[in-house]
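Residues per chain, in single letters:
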Amino acid sequence: MKLIKRNQFSLFLLFLVFVSGCKTASDSDFPALEVAQLEQAYQENQEAAITHRRFKHADLQPLIQKHSETFDVAELGKSVEGKSISSLDWGNGPTKVMLWSQMHGNESTATMALFDLFNFLGKTGDDFEELRTLLKENLHLKFIPMLNPDGSDKFQRRNALDIDLNRDAISQISPEAIILKGARDSFEPEFGFNLHDQQIYYNVVNTPQQVTISVLAPGYNYERDVNDVRAKAMQIIVGMDKVLQQEIPGGVGKYDDSFEPRAFGDNIQKWGTSTILIESGGYVGDPEKQYIRKLNFMIILNALHQIATKGYEQYTTEQYFAIPDNDLQMVDLKINEMNVEIEGKTYPVDLAIRRNENNAGDTYSVSGSVVDLGDMQVYFGFEEKDASGLTYQEGKVFETTFESVSDISSEKAYELLREGYLAVKVKNAEAGDLHNLPILLLKSSDTFSAGWKTGSRPNFYLSDGEELKVAIVNGYWIDLANPEEQEFKQAVY
Ligand SMILES: [Zn+2]
């Protein structure tokens, strides 16, 4: 440095300022966000008012109001039942990004994450000022949380017209579809995030690995071509996958890219917006999807950073195609080789059982169902049990009617189960009343249903010929000698 004369050094500095001023933001200027940073950002900004996935449209309105000082909030229109659908705009940058969630009412995980993200973007004076400034100067974000408020309030997929909004991108029969199409056309975003939930039963194809997040750069034609628009979506997804692999190694799957001519994702891609589909699946031990909410926050923030810095350009479409495909091969319980007897003959069959959710206010109960039986090697159970040497046996309904649910203790329920009673009748209870007992509660014995065939309620015993070894109650496996601690999410029926 001593060898450089003072005025030369000043010129050199001036040159440096000039060069950095001319350069567009690139990945070298802004290295990729660390997972630890993304986690910290989530921890500090989680929206405390949302604690479970069955929140309602009314729960969100005060939160939207809260953000109207830092976001440009507008009502885009109303749902079939007249509920407001709002957009929240943030940032002054040239690159436009639109994010919409919950066009399917019972797919709420990303909506939770968006409200966490609003807290993050609206904050000042924390460790993330530099990142926030970067996003603000490079991006213009438009969020449309809860596109289907009527469906959301009933926690159902479809809107109040019983139309699947994701099959209404072209006809636009529904006001909600008109709103989304109108927002896309007037805003003309370069990037779009189409935020959904998938069933918890998705896995990495032909493996027992559950898929917690599925991704897709939707196809825009039947040929599944890749143009520049779609390629950019693929590159963004590769960056998201890098983050996810550190959190949930192996837990990411790629959706089938068959073209659906009526779907929004496919058409928005076709209309020139690089569209990224995120599908939140299941994660063992996270029934309310609060961990998956955090993952959504992390990958969306990461993607926004990548868009702002063009950091995604380092990734290739080959890396996208290397993400494994998903499939729908998981079941809650797989019972291997239980014997069933028909016409005096014994047959060994595997049973694949799912426990489907029924809405009950802020929570749910389950209805077990036999999905399929026979050779079930193409299914993987969250729980898998060997029943070889055990034979199907019917259960009974206890003769005496109980007054109320509170008269039946857990101990009493197990005692009855061991005596061959799968169900008890309760006088002062309504169908749908929730309980967590390891036995069936019925309004009357007429409603008892049992069986092992496809579609039936899996309520039965497994016996070794001398004693009852296992009770299958509403699809739950209960080892009678040594019952495991588990949560029975049941309802009176
Ligand atoms: Zn969906």
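Owing to the predicted nature of the structure, the values given are computational and were not obtained by experimental measurement.

**Student:** It is not clear to me how the overall build of the protein should be interpreted in this structure. Could you clarify?
**Tutor:** What the protein contains, in helices and strands, is 12 helices and 23 strands. For the C-alpha atoms alone, the extent of the protein along its principal axes is close to 100 × 50 × 45 Å. Put simply, the protein has 493 residues, and 55% of those count as buried. Long-range pairs, those at least 24 residues apart, make up 74% of the contacts in the protein between residues at least 6 apart in sequence. Element-wise, carbon and sulfur atoms account for 49% of the exposed surface of the protein, whose accessible area totals about 21,500 Å². Positive and negative side-chain charges of the protein, numbering 47 and 74 respectively, have mean locations separated by a distance of 5 Å.

**Student:** Even after reading the chapter, I still don't get the sheet that holds strand E16 (residues 396–402), so can you show me in this structure?
**Tutor:** Pairing in this open sheet of three strands is parallel, and the strands run E16-E17-E19 from one edge to the other. Here the strands that pair on one side only, and so sit at the sheet edges, are E16 and strand E19 (440–442). In this sheet, neighbouring strand axes are inclined to one another by 30° on average, regardless of whether the strands run parallel or antiparallel. Here strand E17 (residues 421–426) pairs with E19 via three bridges, running parallel. For Ala423, the partnering residue across the bridge sits in E19 and is Leu440. Across the sheet, helix H12 (residues 410–418) lies against E16 and E17, angled at about 130° from E17, the strand it touches most.

**Student:** Would you mind going over empty space enclosed by the protein with me for this structure?
**Tutor:** Space left empty within the atom packing is revealed by a probe, the size of a water molecule, rolled over the atoms. Scanning all chains against the criterion turns up one cavity of 30 Å³ or more. Volume-wise, the largest cavity comes out at about 50 Å³. Around the largest cavity, the lining residues are His57, Leu60, Gln61, Ile64, Ser84, Ile85, Ser86, Pro145 and Met146. Secondary-structure elements contributing two or more residues to the lining of the largest cavity are helix H3 (57–66) and strand E2 (84–90). Sort the elements by how many residues they give to the lining of the largest cavity and H3 lands first, with four residues.

**Student:** What's the story with the layout of surface pockets in this structure? I'm lost.
**Tutor:** Looking at the second largest pocket, its volume works out to about 230 Å³. Along its surface, the second largest pocket is lined by 13 residues, and Leu33, Gln37, Glu130, Leu131 and His305 are the ones closest to its centre. Of all the secondary structure elements, the ones that give two or more residues to the lining of the second largest pocket are helix H2 (35–45) and helix H5 (129–138). When residues of the lining of the second largest pocket are assigned to their parent elements, the largest contribution, three residues, is made by H5. Looking at the lining of the second largest pocket, its residues break down into seven nonpolar, three polar and three charged.

**Student:** I would appreciate a short explanation of the coordination of the zinc ion in the present structure.
**Tutor:** Ideal coordination angles are 109.5 degrees for a metal with four donors arranged tetrahedrally and 90 or 180 degrees for a metal with six donors arranged octahedrally. Taken together, the protein ligands of the zinc ion are His104 (ND1), Glu107 (OE), Glu107 (OE) and His196 (ND1), with distances of 2.0 to 2.7 Å. For the zinc ion, the four donor atoms in the first shell make angles of 53 to 150° at the metal, so the coordination geometry reads as irregular. Donor residues for the zinc ion, ordered by position in the chain, follow H-x2-E-x88-H. Residue Glu107 is located in the loop between strand E3 (95–101) and helix H4 (109–122), and its partner His196 is located in strand E5 (residues 191–197); the two are separated by 89 residues in the primary sequence. The residues Glu107 and His196 share a single accessibility class, namely buried.

**Student:** What's the story with the packing of H2 against H4 in this structure? I'm lost.
**Tutor:** How two helices pack is summed up by the angle between their axes together with the distance between the axes. Here H2 crosses H4 at 95°, and the two axes come no closer than 9 Å. Judged by the inter-axis angle, H2 sits roughly perpendicular to H4. Two secondary-structure elements touch here, H2 through Ala41, Tyr42 and Asn45 and H4 through Asp116, Asn119 and Phe120. Considering only residue class, the contact of H2 with H4 consists of three nonpolar, two polar and one charged.

**Student:** What exactly am I supposed to notice about the domain arrangement of the protein here?
**Tutor:** Per the domain assignment, the segments making up the protein are domain 1 (25–327) and domain 2 (330–491). Placing a centre on the C-alpha atoms of domain 1 and another on those of domain 2 gives a separation of 38 Å. Of the residues lining the interface, 17 residues belong to domain 1; the matching set on domain 2 comes to 13 residues. Together, the buried faces of domain 1 and domain 2 total about 1,200 Å²; carbon and sulfur atoms form 50% of this surface. Sorting the residues of domain 1 by area buried against domain 2 places Arg54, Tyr201 and Pro208 first, and these three jointly supply 50% of that buried surface. Applying the counting criterion to the domain 1 and domain 2 interface returns nine residue pairs in polar contact (both at pLDDT 80 or more).

Definitions and limits used
- Residues numbered from 1 in each chain as written.
- Predicted model: local features only at pLDDT ≥ 70, side-chain atom pairs only at ≥ 80, totals over all residues.
- Heavy atoms only, no water.
- Helix = DSSP H or I, 4+ residues; strand = E, 2+ residues; numbered from the N terminus.
- Buried < 20%, exposed > 50% of the residue type's maximum accessible area, 1.4 Å probe, protein only.
- Contact = heavy atoms within 4.5 Å.
- Areas by Shrake-Rupley, 256 points an atom, 1.4 Å probe, with all protein chains shown as cover.
- Lys, Arg positive; Asp, Glu negative; His and termini not counted.
- Charge placed at Lys NZ, Arg CZ, Asp CG, Glu CD.
- Pairing = 2+ DSSP bridges.
- Axes fitted to C-alpha atoms, helices over the stretch in contact; angles between N-to-C directions.
- 1 Å grid on protein atoms, 1.4 Å probe; cavity = no way out; pocket = protein on both sides within 12 Å on 5 of 7 lines; lining within 4 Å.
- Points joined across faces, edges and corners; volume = space filled by probe spheres on them.
- Nonpolar A, V, L, I, M, F, W, Y, C, P; charged D, E, K, R; others polar.
- Donors = N, O, S within 2.8 Å, 3.2 Å for Na, K, Ca; no water.
- Tetrahedral: all angles 85-135°; square planar, octahedral: opposite > 155°, others 65-115°.
- Parallel < 35°, antiparallel > 145°, perpendicular 65-115°, else oblique.
- Domains from an automatic or database assignment.
- Buried area = accessible area lost by both parts, 1.4 Å probe.
- Polar contact = N/O pair within 3.5 Å; in protein donor to acceptor, adjacent residues only side chain to side chain.

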